[in-house]
Amino acid sequence: MIKVMFCVRRLPEMTREEFQRYWLENHAPLVRERASALGIQRYVQAHTLDSPINEALRASRGGGEPYDGVAELWWDSLAQMIAATSTEEGRKAGQELLEDEKRFIDLASSTLWVAEEHEVVAG
């Protein structure tokens with residue numbers, strides 16, 4: 001399995017609560033509806049908590065400004081991801097998701113990449 005990791009920051013005019021609500025209640029259903037066209041096997045959102053623990057963790061490592069969340073999208077393989085997103089249906093679905101992302105994600109200050117997991121501690 002491979003996955004896309006997408007560390008997201010909200011648009012400056014949105015509160016974190018507004019951003020996370022839109023992401024979960026509006027964007028997540030769009031991803032679910034388009035998952036088949038895009039070949040997505042799994043989609044998870046991790047929402048950053050408003051907690052003093054986050055500031056302590058950042059300070060302990062000299063970290064930068066936090067992201068508002070992380071999206072993880074899984075595919076069986078890189079070849080399968082490329083194949084699914086290269087079809088007309090996949091390109092259309094991807095474009096629709098991007099158009100929605102522009103409504104709530106600050107794309108210029110967010111980042112994404114393809115990754116392969118290496119499990120170190122099993123649950």
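Here's a quick rundown of the structure. Within each chain, residue numbers correspond to sequence positions counted from 1 in written order. Per-residue local features are limited, in this predicted model, to residues with pLDDT of at least 70; the limit for side-chain atom pairs, both in listing and counting, is 80 or more; totals at the level of whole chains, interfaces and linings are taken over all residues. Based on all heavy atoms of the structure, the side-chain values leave hydrogens and waters out of the count.

## What about the packing of helix α1 (residues 16-38) against helix α4 (residues 88-101)?
Interhelical geometry of α1 versus α4 gives an angle of 170 degrees and a closest axis separation of 9 Å. Considered as vectors, α1 and α4 are oriented roughly antiparallel to each other. Of α4, the residues touching α1 (which contributes Tyr 22, His 27, Leu 30, Val 31, Arg 34, Ala 37 and Leu 38) are Glu 89, Gly 90, Ala 93, Gly 94, Glu 96, Leu 97, Asp 100 and Glu 101. Note on geometry: axes are C-alpha line fits, over the in-contact stretch for helices, and angles between N-to-C directions span 0 to 180 degrees. Each helix is a run of DSSP H or I of at least 4 residues and each strand a run of E of at least 2, with the numbering of both proceeding from the N terminus. Here roughly perpendicular refers to angles of 65 to 115 degrees, roughly parallel to angles under 35, roughly antiparallel to angles over 145, and oblique to all remaining angles. Pairs of residues are marked as contacts when any of their non-hydrogen atoms sit within 4.5 Å.

## What to know about the side chain of Gln 45
Looking at the secondary structure, you find Gln 45 in strand β2 (residues 42-47). A distance of 2.9 Å separates a polar atom in the side chain of Gln 45 from a polar atom in the side chain of Tyr 43. Reaching out from Gln 45, the side chain makes a polar contact with the side chain of His 47 at a distance of 2.8 Å. Under this definition, polar contacts are N or O atom pairs within 3.5 Å; protein pairs additionally need one hydrogen-donor-capable and one acceptor-capable atom, and for neighbouring residues in sequence, both atoms have to be side-chain atoms.

## Some points on the packing of aromatic side chains
Between 30 and 60 degrees the pair is tilted, below 30 it is stacked and above 60 it is edge-to-face, where a pair is any two Phe, Tyr or Trp rings, Trp via its six-membered ring, whose centres lie within 6.5 Å. For the structure shown, the criterion picks out three aromatic pairs. On the basis of an interplanar angle of 40 degrees and a centroid distance of 5.5 Å, the ring pair of Phe 19 and Trp 23 is categorised as tilted. Placement of the pair is Phe 19 and Trp 23 together in helix α1, with a separation of four residues, close to one helical turn. The two residues Phe 19 and Trp 23 agree in class, both being buried. Think of it in three bands: residues with accessible area under 20% of the maximum for their type are buried, residues over 50% are exposed, and the middle band is partly exposed, with areas taken using a 1.4 Å probe on protein chains only.

## Quick word on the packing of helix α3 (residues 78-86) against α4
As a packed pair, α3 and α4 sit with axes 5 Å apart at the nearest point and diverge in direction by 85 degrees. Put simply, α3 runs roughly perpendicular to α4. Where α3 approaches α4, its residues Ala 84, Thr 85 and Ser 86 are matched on the opposing element by Glu 88, Gly 90 and Arg 91. Charged means Asp, Glu, Lys or Arg here, nonpolar means Ala, Val, Leu, Ile, Met, Phe, Trp, Tyr, Cys or Pro, and polar covers whatever is left, Gly included. Looking at side-chain class alone, the contact of α3 with α4 contains one nonpolar, three polar and two charged residues.

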